Amino acid sequence: MTEAEGVRRRDFINIAAVSAAGVAGVGIVVPLVSQMSASADVLAASSTEIDISAIKPGQAIKAEFRKQPVFVRNLTPKEIEEANAVDVSSLRDPQTLEERTKEGKTNWLITMGVCTHLGCVPLGAGEGEAKGEFGGYFCPCHGSAYDTAARIRKGPAPKNLEVPEYEFASDTVVKIG
Amino acid sequence: MARILSILVGLFFTVALAWSFGKGAYTQITEPPAATAEHEFHLHPKEVSHSFDGPFGRYDNQQLQRGFQIYKEVCSACHSLSHVAFRDLKAIGYSDAEVKAIAKGFQVPGIDPATGEANTRPGLPTDYFPKPFANDIAARAANNNAVPPDLSLMTKARHEGTAYVYSLITGYQEQPAELLKEFPDAKTPNGLHYNPYFANLNLAMAPPLTAEGQVTYADGTKATVDQMAQDVSAFLTWTAEPKLDKRKQTGWAVLGFLLFATILGYMSYRNIWAGKKH
Amino acid sequence: MSFPWAKQYTPSHPFMKWMDERLPLPRLVFNAVGSGYEVPRNLNYFWNFGFLAGLCLVLQIVTGIVMAMHYASNTAVAFDSVEMTVRDVNWGWLMRYAHANGASAFFVVIYIHIFRGFYFGSYKAPREMVWLLGVVIFLLMMATAFMGYVLPWGQMSFWGAKVITGLFGAIPLVGEPLQQWLLGGFAPDNAALNRFFSLHYLLPFVILGVVILHIWALHIPGSSNPTGVEVKSESDTVPFYPYYVAKDGWAIGVFAILYCAMVFFFPNALGHPDNYIPANPMSTPAHIVPEWYFWPFYAILRAFTQDFFFIPAKLMGVLAMFGAILVWFFLPWLDKSPVRSGTYRPLYKKFFFFGLLPAMAVLFYCGGAPAAEPFVMLSQLAALYYFAHFLIIIPIVSAIEKPKPLPFSITESVLGSDEGAALAPAAH
């Protein structure tokens, strides 16, 4: 072994040792970062079942799903008509009412009560609340107005109110999530 | 000056201690403390081995499921398991559907959506095991004035907890004649049960597992009292330390890496100090 | 201060020059733990424990911040929130065990660090301030560890809080109001838990501050060494980087292996089972003990069983327990021996190995044992020696002892001769 090779071998060991320390550092960071993500009890938060038998046409209720409000709305024939009358291609987030409801249950509009702008809860689900100029929901924070299919029509929000995953467990019970 | 002061302070403490020592020693000789029944008859937990012993040990899901069955069919009548949720049972090998079915079999506290009054409803996977008694007073009233403790952490809340639970369940016996001879006042009171593995020897809990075949195991294992006691103590070890398998697995990976890194570090240290006598 | 032969920080990159003129932080690091800090070449492995103590502090702060993210300081939910952290939070079990065992690791390291100081006379001039700050750090650590142990609100947490605050009740006149003020009530409850949490989060940063002062004070005279002979010439020292960085580096590896073995395979070995029972103010566990690192002082507290003249036994115990640590503050002035290292002090060495260490071992053992005979009598004898050692034996020994001849220099002690030093006397 020549002198130069000896030096190289020694450098290699030092570099390897420092690299191992680096790997250890990264290894420590992984649990430190991942402990902040949602814990098992939060992820397991169960689905919500809602009894809709008492909601008359034209009424809506607020339910809770994943610590956020869900709007369940029984649309009147007039509201359905208004929603279907809109030219879909003119919308910011083009979707028909059919696409946003379940087949045969077009009158049941179920959406998250979370404005797609910055997350406030829009008005319009409660009795006597302002429904905005399109007759659906109105977000008082920054003036986003949604129509009777909860599609964004005016204001800063980029998307329609989100439709969560749900199914009809029976004619009167909706299971969300 | 400082030294004299220091020696004086030192004498103050040492003389005080010598005084305490002397008086204590004198009392010890003149009035030796009386022996107690607990001191002489209490036994340490039995030796018992489990699949999860030692640094390589892992839980045996089959056994944990059997233990769960014992908890469900025997213990849960009096003991809560409040830190465990039904969803946690997935970790011992139950499927989503099975967990759902198990949860449904328990009634948990709920609220009537129409009236807002307290009622009960079938459990959901996210619910925790319900408590058998509404509160300590109810528990006391139903159990001869003793509160059955929560079992979630029992095996960590006692020395050698797994063996302790096993020993306690299988350790009931007649009060030994020598004990009564030596301590006539220490007769097990009515309603209590003599058990040398319990700290004060007399336990309010009646023997919970008494007969072979008290439960019928789904996996066909013969349900002897010894088997049942082992299984339920294993299950309670899991409820207290659910992350044991992952902990040991991670541990070996970490130790392996550290050993490698430390050897490198040592070589690097030898390198750097080569030729530098110290 | 540094030795004249220490390397100077000379930034070569233009950015580093720019930085050096505005905020010379790299220069500070270079002079503190880099090539600019010259360290005696003959340090043995006991000198690694200072670095390890710093590492433990960082470990505790990092894992502690994580635990605080999931902890709820309310007596109704505190116990459950810790359990929830262990069961549901991602890697929560690791964080909890790392923090709990980290406290033990910190104290193991600190005790070795302190006893290294006792043996090698690290407290002597010109390093008195380093020593005094060190004792302050130890006291702060004890306060922090005590309050941290209360937070999970288990049986030992509760009764530990009750008993330790009860110590203040022993103080004449102000005792009881003081105890009530500390707890914010008659017994430990929500008010106490909340203030303990607040202080448990604050004190580690105070410790960090005092640690910086401790290191600053150390860097004025420079590190001590096993011979106790001051640095005389360039051949006595090596730069901290790379020499001691490499040595500390591999020592960290050994420490990490032992620590991780505890965390991953015996995480509850040093804890008490009773702390897995939620706090119950109506029922005291049969055998209450503090965490193991308090045992020697707890044994001293319990050793005083008799009133001493007009002083009640309880007050004597409290005085002695605090006195046992406070006496360390006076050590630099009680030990007048001009020789630092125990290696060259035959009499002192005997008392250290056959007196102080066994007495500490007995105190450790008895502090964790039940308050019954023979443990109380044993701890009385050990405590008696403890106070005699510091307050009587050390002052007398340092006056009458004949030390062995010291090596001329560090280099001579290492190489057998020191030709490099210009002033080498002829006869050696």
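For chain B, an unreviewed UniProt entry supplies the name Cytochrome c1 and the organism Novosphingobium colocasiae. The UniProt entry for chain B carries the following comment under Subcellular location (unreviewed entry): "Membrane".

Identification of chain A as Ubiquinol-cytochrome c reductase iron-sulfur subunit from Novosphingobium colocasiae is taken from an unreviewed UniProt entry. Annotation of chain A in UniProt includes, under Subcellular location (unreviewed entry), the sentence "Cell membrane".

Asker: How do you make sense of the interface of chain B and chain A when you look at a structure like this?
Answerer: For an interface, size is often stated in terms of accessible area lost upon the parts coming together. Each partner contributes to the interface: chain B provides 12 residues, whereas chain A provides 12 residues. Of the residues assigned to the side of chain B that touches chain A, the class counts are 7 nonpolar, 4 polar and 1 charged.

Asker: What should I look at first to understand the UniProt feature "binding site: heme c" (unreviewed entry) in chain B in this one?
Answerer: Residue and element names in this part refer to chain B. UniProt tags Cys 75, Cys 78, His 79 and Met 205 as "binding site: heme c" (unreviewed entry). The named residues occupy 131 residues along the chain; their greatest pairwise C-alpha distance, 10.7 Å, places them in one compact cluster. Inspection of the secondary structure puts Cys 75 in the loop between α3 (61–73) and α4 (96–104). Contacts of Cys 75, omitting those with residues within four sequence positions, involve Ile 70, Leu 151, Pro 208 and Val 232.

Asker: Would you take a moment to explain the interface of chain B and chain C for this structure?
Answerer: Taken together, the contacts link 48 residues of chain B with 51 residues of chain C. Elements that contribute at least two residues to the side of chain B that touches chain C include exactly α1 (2–30) and α9 (244–273) of chain B. Take the side of chain B that touches chain C: its biggest share by element is 18 residues, from α1 of chain B. Taken together, the residues of the side of chain B that touches chain C break down into 24 nonpolar, 15 polar and 9 charged.

Asker: Where do I start with the pairing of strand β5 (residues 135–139) of chain A in this structure?
Answerer: As a general feature of sheets, a regular strand has side chains that alternate between the two faces. Residue and element names in this part refer to chain A. When you tally the buried positions in β5, you get 4 out of 5 residues, the bulk of the element. In the sheet, β5 pairs with strand β6 (residues 144–147) via 4 bridges, with the strands oriented antiparallel. Bridge pairing in β6 links Cys 139 to Ser 144. The hairpin formed by β5 and β6 contains 4 residues between the paired strands, and Gly 143 there has a positive phi angle of roughly 80°.

Asker: Could you clarify how one ought to interpret the environment of Arg 247 of chain B in this entry?
Answerer: Residue and element names in this part refer to chain B. If you trace the backbone, Arg 247 turns up in helix α9. According to the C-beta neighbour criterion, Arg 247 is partly exposed, with 17 such atoms within 10 Å. Remark: the alpha-carbon pair of Arg 247 and Pro 55, spanning 192 residues in sequence, is separated by 10.0 Å.

Asker: It is not clear to me how the UniProt feature "domain: Cytochrome c" (unreviewed entry) in chain B should be interpreted in this structure. Could you clarify?
Answerer: Within this numbering scheme, the UniProt entry marks residues 62–240 of chain B as carrying the feature "domain: Cytochrome c" (unreviewed entry). The distance separating the terminal C-alpha atoms of residues 62–240 of chain B is 18 Å; by composition the span is 34% helix and 8% strand.

Asker: I'm lost on α9 of chain B in this one. Help?
Answerer: Helical geometry note: an α-helix holds 3.6 residues per turn, so side chains three or four residues apart project in the same direction. All names here are of chain B. When the terminal C-alpha atoms of α9 are compared, their 42 Å separation across 30 residues agrees well with the 44 Å that a helix rising 1.5 Å per residue should span. Residues Leu 258, Ala 261, Thr 262, Leu 264, Gly 265, Ser 268, Tyr 269 and Ile 272 constitute the buried set of α9. Just past α9, the residue Gly 275 takes up positive phi, approximately 85°.

Asker: Which parts of the structure should I look at to understand the sheet that holds strand β2 (residues 60–65) of chain A?
Answerer: Hydrogen bonds between backbone atoms are what pair the strands of a sheet, whose relative direction is either parallel or antiparallel. All names here are of chain A. What the 3 strands build is an open sheet, ordered β2-β3-β4; its pairing is antiparallel. What marks the edges here is a single partner per strand, and that holds for β2 and β4 (108–112). Neighbour-to-neighbour, the strand axes of the sheet open up by a mean angle of 25°, direction not taken into account. Where β2 and strand β3 (residues 68–74) come together, 6 bridges link them in antiparallel fashion. Counterpart to Lys 62 in the pairing with β3 is Phe 71.

Asker: I'm lost on the UniProt feature "domain: Rieske" (unreviewed entry) in chain A in this one. Help?
Answerer: Using the residue numbers shown here, the UniProt feature "domain: Rieske" (unreviewed entry) corresponds to residues 77–175 of chain A. As annotated, residues 77–175 of chain A has a helix share of 9% and a strand share of 23%, and its two end C-alpha atoms lie 24 Å apart.

Calculation criteria
Residues numbered from 1 in each chain as written. Chains lettered and ligands numbered in written order. Predicted model: local features only at pLDDT ≥ 70, side-chain atom pairs only at ≥ 80, totals over all residues. UniProt positions renumbered as here; feature names shortened; annotations may be inferred. Contact = placed C-beta atoms within 7 Å. Nonpolar A, V, L, I, M, F, W, Y, C, P; charged D, E, K, R; others polar. Helix = DSSP H or I, 4+ residues; strand = E, 2+ residues; numbered from the N terminus. Buried ≥ 20, exposed ≤ 12 C-beta atoms within 10 Å, placed from the backbone. Pairing = 2+ DSSP bridges. Expected span 1.5 Å × (residues − 1). Axes fitted to C-alpha atoms, helices over the stretch in contact; angles between N-to-C directions.

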